[in-house]
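Summary of the model geometry
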There are 2 protein chains.
Amino acid sequence: MNINQIEPIARLINEFSKLPSVGKRTAERYAYHIIRASDESVKNFAESLLNIKEKIKFCDVCGNYTEQTPCAFCRERDKKIICVVKEPKDSIAIEKTGNFKGQYHILHGVINPLAGVGPNDIRIKELLTRLDDGITQEVIIATNPDVEGEATALYISRLLKPLGIKVSRIAQGISMGSELEYADEVTLSKALLDRKEI
Amino acid sequence: MNINQIEPIARLINEFSKLPSVGKRTAERYAYHIIRASDESVKNFAESLLNIKEKIKFCDVCGNYTEQTPCAFCRERDKKIICVVKEPKDSIAIEKTGNFKGQYHILHGVINPLAGVGPNDIRIKELLTRLDDGITQEVIIATNPDVEGEATALYISRLLKPLGIKVSRIAQGISMGSELEYADEVTLSKALLDRKEI
């Protein structure tokens, strides 16, 4: 016999274990926490889950999460520069720098032939539509510095250059505050290759 | 601007961050997972939260989680031996051994004067009531081997001994498969003191 097998407990453990990187033990801890929590606070939790599916949608223009479309970025920010990222959370990382004042474009994926994701499966078409009005002068491609991110950057760059739009890629090199000794060879090679005159 | 500040997203991140050991970053990952999940699966998650508060209660007898009281353990298991534990999850750990066939008694806490938890704040009174019928011959105290767990074990032991009930404590010593070299001094002293003739 095992209290984890009582149906409502087993069901909640199963739901928690669907969250990213949550194993059975962690899901159990979350479930016990919920059992001990007040009715009121669990009701709030459940409501916040339902609420998000009801209220959050994708911005028709940039593809970021928003309550209304077009989103605040597309309504209020400068369209001269558009930063292209893979996922909404990447736009948060860039916002945190405080150094980007342009708009975003969320691809919702990167080109990955092995996983069956081609250029038509991500929001490249929508990016081209946004550039139609001729306002945008530069597109910064900020996909991750991995094979798929690089391939996607290259693909978009080849599409946009004939349109006379400046296409740039975020710099790759050794991280600030890191030590050369621990940098991997690919990163260090890239840092040497992309050296800047000072 | 930051999409994490959009009210429904901020609210869900806040709810997830109330779970044990969940920081802001993890709560964000969980929230993004929920935004991307299907309406159906999020509805199921919300329902399983509400469902557990509705259906799971404490067994009036042993204090464990159950759908009906008395629970399956109290209805079906041998009352000659009762194992006293701090929390419901401790009963799961003991069930997993497969070596205990008696009933449980969940204290829902341990005596901890510094945190203001006295003997009347945990389910000791309920344990005494259970012993009234004279069926129980032995009470195994399986609280954790820390200061509060030991104090609670001692307190219960002093209460029960005058009633003619055998009171035992789970053995403390070095873990199976561990190495002496890495055992802490207190554990090793205890293991020496509690040595068994073979």
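Bear in mind the structure is a predicted one, so any value in this text is a computation, not a measurement. (Residues numbered from 1 in each chain as written. Chains lettered and ligands numbered in written order. Predicted model: local features only at pLDDT ≥ 70, side-chain atom pairs only at ≥ 80, totals over all residues. Heavy atoms only, no water.)

1. Digging into a positive patch on the surface
Where like charges cluster on the molecular surface, the positive patch consists of A:Arg25, A:Arg29, B:Lys89 and B:Lys96. Looking at the positive patch, the elements that each hand over two or more residues are α2 (24-36) of chain A together with α5 (88-97) of chain B. Position of A:Arg25 among the secondary structure elements: in helix α2. (Patch = residues over 30% accessible without salt bridge, like charges linked within 9 Å, V, L, I, M, F, W, Y side chains within 5 Å. Areas by Shrake-Rupley, 256 points an atom, 1.4 Å probe, with all protein chains shown as cover. Salt bridge = Lys/Arg side-chain N within 4 Å of Asp/Glu carboxyl O. Lys, Arg positive; Asp, Glu negative; His and termini not counted. Charge placed at Lys NZ, Arg CZ, Asp CG, Glu CD. Helix = DSSP H or I, 4+ residues; strand = E, 2+ residues; numbered from the N terminus.)

2. Looking at the relation of the copies chain B and chain A
Least-squares fitting of chain B to chain A yields an RMSD of 0.1 Å, with the transformation described by 0.0 Å of translation along the axis and a rotation of 180°. One copy is carried onto the other by what is essentially a two-fold rotation axis. In terms of C-alpha distance to the rotation axis, chain B has B:Ala46 as its closest residue, with the C-alpha 2.2 Å off the axis. Of the interface residues in chain B, 100% have counterparts in chain A that sit at the interface too, so the contact is made through matching surfaces. (Least-squares fit on C-alpha atoms with pLDDT ≥ 70 in both. Contact = heavy atoms within 4.5 Å.)

3. Concerning the sheet that holds strand β4 (residues 102-106) of chain B
All names here are of chain B. Across the sheet, four strands lie side by side as β4-β3-β5-β6; this open sheet has parallel pairing. With partners counted over all chains shown, the strands left at the sheet margins are β4 and β6 (166-169), one partner each. Taking each pair of neighbouring strands and ignoring which way they run, the sheet shows an average axis angle of 25°. One ladder, built from four bridges, connects strand β5 (residues 138-141) with β6; its direction is parallel. Across the sheet, residue Glu138 finds its bridge partner in β6, namely Lys166. Running at roughly 170° to β6, helix α7 (residues 147-160) makes contact with β3 (78-85), β5 and β6 of the sheet. (Pairing = 2+ DSSP bridges. Axes fitted to C-alpha atoms, helices over the stretch in contact; angles between N-to-C directions.)

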